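Here is what each chain is made of, one letter per residue.
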Amino acid sequence: MIFLLGWLLIKITPRPPVSDVAYARITLSKANKSRAGTYSRRLFTEARAAYDSAMSNWSRENKRFIYLRNYSKVEKFARLSAKKSEEATGSSISNSSTLKVKLKEKIDSLNETEISIDNLFGRYPLPIEIRSRISKGKMLLSEAEVAYNIGQYLQADRKLTESEYLLTNVFESSKEDLKNYFRSFPTWKKWYQAAISDSKRNNSYSVIVDKFSKKCYIYLGGIKKYEFDAELGRNWVGNKRRMGDKATPEGLYRVATKYQGKETPYHKALGIDYPNNDDLEKFKADIARGIIPSYSRIGGGIEIHGGGGRGVDWTEGCIALTDKEIDIVFNIIKVGTPVTIVGSLKNIDEVLTN
C-alpha cells in the first residue's frame with residue numbers, strides 16, 4: 001500500500017521539460033557559433049528571449065509547492081527558442097554566404113580600380129591631397145581583405161565601403177581631369193602626323209616625345225628606329241607656361257645645341273629651341289589674361305639629356321634618357337633636327353581602354 005502510494009505521488013509530480021530546455025540550449029549555442037547575432041539578429045534575439053523566458057518560468061515554478069507546479073510555459077518557450085535558433089542558424093549561414101560573395105565581388109572590383117589608378121595615374125602629377133586619399137583607400141582595401149579572409153565580414157564591409165568611396169571618387173574625378181587634358185589630342189595628332197610625313201619625305205631623322213606614355217621615339221624616313229623610356233618634368237601635364245613650373249613643353253621644336261663633357265652635368269644633352277615664337281605668344285597671352293603673374297619669366301634651357309633611368313619624373317622640364325641612350329641619340333641627331341613633343345599619341349578612349 002505504501003509502495004503504491006509512493007508510486008502515485010511520483011506519478012502525479014510535475015516534471016520539468018529537461019530535454020526540451022537542453023535542446024533549446026544546444027540550438028541557441030549553435031546559432032551563436034554561426035554568428036546569428038550578426039547575420040540574423042532578429043531571429044537570434046527572439047530565440048534568446050524565448051530561452052530566457054523558459055528559464056524564468058522554470059525558476060518561478062520551482063518556487064511553488066511541488067504538486068502545484070506547471071511547466072507547460074517552460075516547454076512552450078523552450079521549443080519556441082529551439083525553433084527560432086534553428087531558423088537563425090540557417091538564415092545566418094545563408095546571409096553570411098551571400099555577404100561573403102558580395103564582399104568578394106567588391107574586393108575584386110576595387111582591386112581592378114586600384115590597378116587602373118596605378119596604370120593611369122602612377123606617374124601622373126596628381127595633387128598631394130589626392131595622393132593621400134588614394135593611399136588611404138588602398139590601405140582600407142588591404143585591411144578589408146584581411147578581415148574578409150578571417151571571416152570578419154561586417155568589418156570587411158565597413159572598410160570596403162570607405163575604400164570604395166575614396167578610390168572610386170578619386171578615379172572618376174581624375175579621369176575627368178585627364179579627359180580635359182586630352183582635348184588637345186587633335187592638335188597632338190596633327191603634329192605627330194606632320195613629323196612622320198616630313199621624316200619620310202626628306203628621309204631624315206625626327207624626334208617624337210609622347211609625354212603620357214613616357215616615350216622618346218627616333219624616326220628615320222618615316223620609320224621608327226629607336227624607342228626609349230623618358231623621364232619628364234615633375235609637373236609634366238599640360239604645356240609649359242613659365243619658368244619654374246617644372247612642366248615639359250608641348251610643341252614643334254628643333255635641336256638648337258649639343259652639349260657633352262663638362263658642358264653639361266648630364267653626360268650629354270641636346271638643347272631645343274624653347275621658347276619659340278608660339279611659346280612667346282602663349283606666354284604673353286597668359287599674362288594678359290591673368291593666368292600667370294605679370295612678373296613671370298618664360299624660362300628656357302629645355303633639353304633632351306642623360307642621367308635618366310630613375311623610373312620617376314624628376315627634371316625641371318627636360319626629357320631625360322639613360323646615358324647609354326643619350327649616347328645613341330647624340331651620335332645620330334644633328335642640330336636642326338625636328339623635335340615634336342605631344343601629350344599623347346593615343347586618344348583618350350585608347351588610354352582608358354588599355
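Heads up: the structure comes first, above all this text.
Here is what the cut-offs are and how they apply
Residues numbered from 1 in each chain as written. Predicted model: local features only at pLDDT ≥ 70, side-chain atom pairs only at ≥ 80, totals over all residues. Heavy atoms only, no water. Helix = DSSP H or I, 4+ residues; strand = E, 2+ residues; numbered from the N terminus. Buried < 20%, exposed > 50% of the residue type's maximum accessible area, 1.4 Å probe, protein only. Pairing = 2+ DSSP bridges. Phe/Tyr/Trp six-rings, centres within 6.5 Å; stacked < 30°, edge-to-face > 60°. Lys NZ or Arg CZ within 6 Å of the ring centre and 35° of its normal. Patch = residues over 30% accessible without salt bridge, like charges linked within 9 Å, V, L, I, M, F, W, Y side chains within 5 Å. Areas by Shrake-Rupley, 256 points an atom, 1.4 Å probe, with all protein chains shown as cover. Salt bridge = Lys/Arg side-chain N within 4 Å of Asp/Glu carboxyl O. Expected span 1.5 Å × (residues − 1). Contact = heavy atoms within 4.5 Å.

Draft legend 1. Layout of the environment of Thr-27. Within the secondary structure layout, Thr-27 lies in helix H2 (residues 18-33). For Thr-27, a relative accessible area of 7% translates into the label buried. Sequence separation of Thr-27 and Glu-164 is 137 residues, and the distance between their C-alpha atoms is 38 Å.

Draft legend 2. Focus on the pairing of strand E5 (residues 268-272). Counting buried residues along E5, five of its five residues qualify, which places the element largely inside the surrounding structure. Where burial is concerned, the two faces of E5 agree: the one with Lys-268, Leu-270 and Ile-272 and the one with Ala-269 and Gly-271 are both buried. With five bridges joining them, strand E4 (residues 251-260) and E5 adopt antiparallel strand pairing. Each bridged residue has a counterpart across the sheet, and for Thr-257 the counterpart in E5 is Gly-271.

Draft legend 3. Local environment of the packing of aromatic side chains. For the structure on display, the rule yields 14 aromatic pairs. Pairing Phe-121 with Tyr-124 gives two aromatic rings, centres 5.3 Å apart and planes at 85°, and the pair type is edge-to-face. Each of the two residues, Phe-121 as well as Tyr-124, counts as buried. The structure contains a cluster of three or more aromatic residues connected by ring pairs, namely Phe-121, Tyr-124, Phe-171, Tyr-181, Phe-182, Trp-188, Phe-212 and Trp-236. Positioned above the aromatic ring of Trp-314, the side-chain terminus of Arg-310 is 3.4 Å from the ring centre.

Draft legend 4. Focus on a nonpolar patch on the surface. On the surface, a cluster of nonpolar side chains totalling about 390 Å² of accessible area is made up of Phe-65, Ile-66, Tyr-67 and Leu-68. Structurally, Ile-66 is set in the loop between helix H4 (41-62) and helix H5 (72-121). On the basis of relative accessibility, which here comes to 32%, the residue Ile-66 falls in the partly exposed class.

Draft legend 5. The arrangement of the sheet that holds strand E3 (residues 223-229) in detail. Taken in spatial order, the eight strands of this open sheet run E3-E2-E1-E8-E4-E5-E6-E7, and their pairing is mixed. The open sheet terminates on both sides in strands that have one partner only, identified here as E3 and strand E7 (319-320). Direction of pairing for strand E6 (residues 303-305) relative to E7: parallel, over a ladder of two bridges. Residue pairing in the sheet places His-305 in a bridge with Ala-320 of E7.

Draft legend 6. A look at helix H6 (residues 128-149). With 22 residues, H6 extends 32 Å between its outermost C-alpha atoms, agreeing within 8% with the 32 Å of an ideal straight helix rising 1.5 Å per residue. Against H5 and helix H7 (153-181) lie the buried residues of H6. At the exit of H6 stands Gly-151, carrying a positive phi of roughly 85°.

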